[in-house]
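# Overview (structure and organization)
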Amino acid sequence: MHATTILMVRKGDRVVIGGDGQVSLGQTVVKGNAKKVRRLAKGGVIGGFAGSTADAFTLFERLEAKLEQYPGQLTRACVELTKDWRTDRYLRRLEAMMLVADKDVGLLLSGSGDVLEPENGIMAIGSGGNFALAAARALADSDMDAEAIVRRSLGIAAEICVYTNSNIVIESLEL
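Each residue is numbered by its place in its chain's sequence as written, counting from 1. The predicted origin of the model limits local features to residues at a pLDDT of at least 70 and limits the giving and counting of side-chain atom pairs to 80 or more, whereas totals for whole chains, interfaces and linings rest on all residues. Note that water and hydrogens are dropped before the side-chain values are worked out from all heavy atoms of the structure.

## Focus on the sheet that holds strand 7 (residues 96-101)
Within a sheet, adjacent strands bond to each other through the backbone by hydrogen bonds, running parallel or antiparallel. What makes two strands pair is DSSP finding at least two bridges between them. Each helix corresponds to a stretch of at least 4 residues labelled H or I by DSSP, and each strand to a stretch of at least 2 residues labelled E; elements are numbered beginning at the N terminus. Strand order in the open sheet formed by five strands is 5-6-7-8-9, with antiparallel pairing between adjacent strands. Only two strands of the sheet have a single partner each, and these edge strands are strand 5 (37-40) and strand 9 (115-116). As paired elements, strand 7 and strand 8 (residues 106-110) share five bridges and run antiparallel to each other. Directly across from Leu 99, in strand 8, lies its bridge partner Leu 108. Residue contacts are defined here by distance: any two heavy atoms, one from each residue, within 4.5 Å place the two residues in contact. Working convention: axes come from line fits to C-alpha atoms, limited for helices to the stretch in contact. Angles between N-to-C directions cover 0 to 180 degrees. Packing against the sheet, helix 2 (residues 74-87) makes contact with strand 6 (45-51), strand 7, strand 8 and strand 9, and its axis sits at approximately 5° to strand 8.

As structure tokens, this is what we get:
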């Protein structure tokens, strides 16, 4: 997925998801302040997306419906969403990836059926994801809190990746 960077860090008493604001069409930056990170399930879940905006909104809406169907069960709602994503003729064409988290678990969701939980509490997606992931892992053992790690790591990714900017949006949950 090109044109964004989304990073999740779970450390101490918080889980934080942050993302940049750049939207690109091919080689052109068309918007610099998009909000790719948001709250779901009446504020109990946070999520961020990489990929097509329309596809991501569709997936967020579907995830909201699954969370209503399985309240308080983020993992189950995500598994059910990815099953639909893989098998539904319309959904299978959607091109996006998502990071979602609640107070108990953080997950990566993909259209290929992946529902992955990071083993160290850090995960990233998007074109600058590997840069942000490397930076966050390097900072994880520092005295920085989860939000500071996300901000610094996304800043580093923005300095390296041409599809990532430094207009950072952050959402967090207390554990």
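## A word on the environment of Leu 7
Inspection of the secondary structure assignment puts Leu 7 in strand 1 (residues 5-11). Under the relative-accessibility criterion, Leu 7 is labelled buried at 0%. Considered as a pair, Leu 7 and Ala 124 are 117 residues apart in the sequence and their alpha carbons are 4.3 Å apart. Here the term buried applies to any residue with accessible area under 20% of the maximum for its type, exposed to any over 50%, and partly exposed to those in between, with areas from a 1.4 Å probe on protein chains only.

## Digging into the UniProt feature "active site" (unreviewed entry) in the protein chain
UniProt positions are given in the numbering used here, feature names are shortened, and annotations may be inferred rather than shown by experiment. UniProt tags Thr 4 as "active site" (unreviewed entry). Here Thr 4 falls in the buried class, since its relative accessible area comes to 2%.

## Some words on the pairing of strand 7
Extensive coverage of strand 7 is indicated by the burial of five of its six residues. Across six bridges, strand 6 lies against strand 7 in antiparallel orientation. In the sheet register, Gly 48 faces strand 7, and the bridge partner there is Leu 99. Taking the residues between adjacent antiparallel strands as the criterion, strand 7 and strand 8 are bridged by four residues.

## Focus: unusual backbone geometry
Most peptide bonds are trans, and most residues other than glycine sit at a negative phi. The backbone phi angle of Ala 41 is positive, close to 50°, even though this residue is not glycine. By the secondary structure assignment, Ala 41 is in the loop between strand 5 and strand 6. Overall, Ala 41 belongs to the partly exposed group, its relative accessible area being 27%. For Lys 42, which is not a glycine, the phi torsion comes out positive at approximately 55°. With respect to the helices and strands, Lys 42 occurs in the loop between strand 5 and strand 6.

## Notes on the pairing of strand 10 (residues 122-126)
Within strand 10, four of the five residues are buried, which leaves the element mostly enclosed by the surrounding structure. Judged from the five bridges that link them, strand 1 and strand 10 form a sheet pairing that is antiparallel. When the sheet's bridge partners are listed, Leu 7 is paired in strand 10 with Ala 124.

## Details of the sheet that holds strand 10
Across the sheet, which stays open at both edges, the four strands sit in the order 10-1-2-11 with antiparallel pairing between neighbours. Among the strands making up the open sheet, the edge pair consists of strand 10 and strand 11 (169-174). Pairs of neighbouring strands in the sheet enclose a mean axial angle of 10°, with direction left out of account. In the sheet, strand 2 (residues 14-19) pairs with strand 11 via six bridges, with the strands oriented antiparallel. Looking at the pairing, Gly 19 lines up with Val 169 of strand 11.

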